[in-house]
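Given next are the chains, with one letter for each unit.
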Amino acid sequence: MSELFGHTRARVAARHALITPNNHVASTLPGFTDATAVVLISPVMGARFAQTLITFNKGGAANVAASDVETFGYFMSGGGTLGVGTHRQRCEAGGFFFAPAGQAWTLTAPKSGTQLTLFQKKFQPLAGAPAPRVIISEVAKVKGTPFLGDPAANLQMLLPDEPGYDLAVNIFAYQPGGHLPFVESHIMEHGLLMLEGAGVYRLEDEWYPVQAGDVIWMGSYCPQWFVAMGKTPARYLYYKDVNRSAL
Ligand code: UGY
Ligand code: MN
């Protein structure tokens, strides 16, 4: 769609939002030097978490202080040396990390242009459950499974499925024509980044064409459904809050 005359695919509604790369306005954030930040989803929108795109310039770095916020990071491109507590590991595109609440984290010497997507939320501890651990890994090492038995919708769960974790981050890969088996409506929120391909996302009572680079917020109970379109697979990375009581 042409942006001429103010057209955009973006939509910010009460319980969902679509933000496209053409809508981005960069700012700076504490903890990041020589880097730009686009806060794509945040509590001011109505969400209970934040999704941020960080782009590092030459000489950039991240030095994020420990707090009650936990961070999941995904390397969309580039790479650098990631440090969480005493763990240090080189990460490239497709790499990811989890820094639990109470742990500082750093990214040193990122390649110029490195892009990171961050999902951040205030950690809700669960009495009796072991605290979440530091994780630094890569998507290629995570086994996928057909979602509800459908080989056209493959799901990779990037974080352990354990009660101590109050968030999940997964990657869904759909073959062309693959789709969510039904319209979901659930208490968990989602933050989503289209990684590859294209399709149509149903959010509440609207159907949106979406493609790589788009970001979607789905608030609690937002009816949601997706179908992959085109001749190549579609993949998206998404966040959800899990494992905590509603009351
Ligand atoms: O995990 C989920 O709720 C997932 N099936 N939702 C989605 O892809 N919109
Ligand atoms: Mn869902």
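Residues numbered from 1 in each chain as written. Chains lettered and ligands numbered in written order. Predicted model: local features only at pLDDT ≥ 70, side-chain atom pairs only at ≥ 80, totals over all residues. Heavy atoms only, no water.

## Points about the overall build of the protein chain
- When helices and strands are counted, the protein chain shows 0 helices and 20 strands.
- Relative to the globule expectation of 18 Å for 247 residues, the C-alpha radius of gyration of the protein chain, 18 Å, shows essentially globular dimensions.
- Expressed along its principal axes, the backbone C-alpha trace of the protein chain runs to roughly 45 × 45 × 35 Å.
- Across the 247 residues in the protein chain, those meeting the buried criterion constitute 49%.
- Of the contacts formed within the protein chain by residues at least 6 apart in sequence, a portion of 67% connects residues at least 24 apart.
- As presented, the protein chain carries roughly 11,500 Å² of accessible surface, and 58% of it is formed by carbon and sulfur atoms.
- Seen as two clouds, the 18 positive and the 18 negative side-chain charges of the protein chain have centres 4 Å apart. (Helix = DSSP H or I, 4+ residues; strand = E, 2+ residues; numbered from the N terminus. Rg over C-alpha atoms; globule rule 2.2 N^0.38 Å. Buried < 20%, exposed > 50% of the residue type's maximum accessible area, 1.4 Å probe, protein only. Contact = heavy atoms within 4.5 Å. Areas by Shrake-Rupley, 256 points an atom, 1.4 Å probe, with all protein chains shown as cover. Lys, Arg positive; Asp, Glu negative; His and termini not counted. Charge placed at Lys NZ, Arg CZ, Asp CG, Glu CD.)

## Let's talk about the coordination of the manganese ion (ligand 2)
- Protein coordination at the manganese ion (ligand 2): the donors are E184 (OE), H186 (NE2), H190 (NE2) and Q224 (OE1), at 2.1 to 2.3 Å from the metal.
- Ordering the donors of the manganese ion (ligand 2) by residue number gives the pattern E-x1-H-x3-H-x33-Q. (Donors = N, O, S within 2.8 Å, 3.2 Å for Na, K, Ca; no water.)

## Quick word on the pairing of strand β20 (residues 234-241)
- Buried residues dominate β20, accounting for 8 of its 8 residues.
- Neither face of β20 is exposed, since A234, Y236, Y238 and K240 on one face and R235, L237, Y239 and D241 on the opposite face are all buried.
- The pairing of strand β14 (residues 167-174) with β20 spans 8 bridges and is classified as antiparallel. Looking at the pairing, A168 lines up with K240 of β20.
- Pairing of strand β15 (residues 190-196) with β20, which is carried by 6 bridges, proceeds in the antiparallel orientation. Following the sheet pairing, L192 is matched in β20 by Y238. (Pairing = 2+ DSSP bridges.)

## As for the domain arrangement of the protein chain
- Domain annotation for the protein chain reports domain 1 (24-124 + 132-138) and domain 2 (141-241).
- The C-alpha centroid of domain 2 is placed 21 Å from the C-alpha centroid of domain 1.
- With 25 residues of domain 1 at the interface, the matching set in domain 2 holds 27 residues.
- Of the roughly 2,200 Å² buried between domain 1 and domain 2 on both sides combined, carbon and sulfur atoms contribute 67%.
- If you look at where domain 1 meets domain 2, you find 5 salt bridges.
- Of the charged contacts, one joins R48 and D241 as a salt bridge, the two residues approaching to 3.0 Å between their closest N and O atoms.
- Across the contact surface, domain 1 and domain 2 share 9 residue pairs in polar contact (both at pLDDT 80 or more).
- Every element with two or more residues in the side of domain 1 that touches domain 2 is listed here: β3 (32-41), β5 (69-77), β8 (95-99), β10 (115-122) and β11 (135-138).
- A class-by-class count of the residues in the side of domain 1 that touches domain 2 yields 14 nonpolar, 5 polar and 6 charged. (Domains from an automatic or database assignment. Buried area = accessible area lost by both parts, 1.4 Å probe. Salt bridge = Lys/Arg side-chain N within 4 Å of Asp/Glu carboxyl O. Polar contact = N/O pair within 3.5 Å; in protein donor to acceptor, adjacent residues only side chain to side chain. Nonpolar A, V, L, I, M, F, W, Y, C, P; charged D, E, K, R; others polar.)

## A few points about unusual backbone geometry
- Residues other than glycine seldom take positive phi values, yet F5 does so here, at roughly 65 degrees.
- Mapped onto the elements of the fold, F5 is located in the segment before β1 (11-12).

## A few points about the site of ligand 1
- The immediate surroundings of ligand 1 are formed by F147, F172, L180, E184, H186, H190, Y201, Q224, Y236, Y238 and K240.
- Y201 places a side-chain nitrogen or oxygen 2.9 Å from a nitrogen atom of ligand 1.
- Between ligand 1 and the protein, one listed contact pairs an oxygen atom with a side-chain N or O atom of Y236 at 2.6 Å.
- In isolation ligand 1 has 280 Å² of accessible area, and contact with the protein removes 95% of it.
- Looking at which element gives the most residues to the shell around ligand 1, the answer is β20, with 3 residues.
- Class assignment of the residues belonging to the shell around ligand 1 gives a composition of 6 nonpolar, 3 polar and 2 charged. (Near = heavy atom within 4 Å.)

## Notes on the environment of L29
- As for its position among the elements, L29 is in the loop between β2 (16-19) and β3.
- Judged by relative accessible area, L29 falls into the partly exposed class, the value being 29%.
- Placed 10 residues apart in sequence, L29 and V39 show a C-alpha to C-alpha distance of 9.4 Å.
- Discounting residues that sit within four places of it in the chain, L29 has contacts with A37, V39 and T52.

## Let's talk about the nonpolar core
- One finds F72, Y74, F96, L158, V169 and L237 to be the most contacted residues of the largest nonpolar core, which totals 28 residues.
- Elements with a minimum of two residues in this core: β2, β3, β5, β8, β14, β15, β18 (215-218) and β20.
- Taken domain by domain, the makeup of this core includes at least three residues from each of domain 1 (24-124 + 132-138) and domain 2 (141-241).
- Look past the residues within four positions of V169 in its chain and what remains in contact with it is F72, F119, Q156, M157, L158, L159, L237, Y238 and Y239.
- Residues L18, L155, M194 and C222 belong to the second largest nonpolar core, which totals 21 residues. (Core = buried A, V, L, I, M, F, W, Y, C linked by side-chain atoms within 4.5 Å.)

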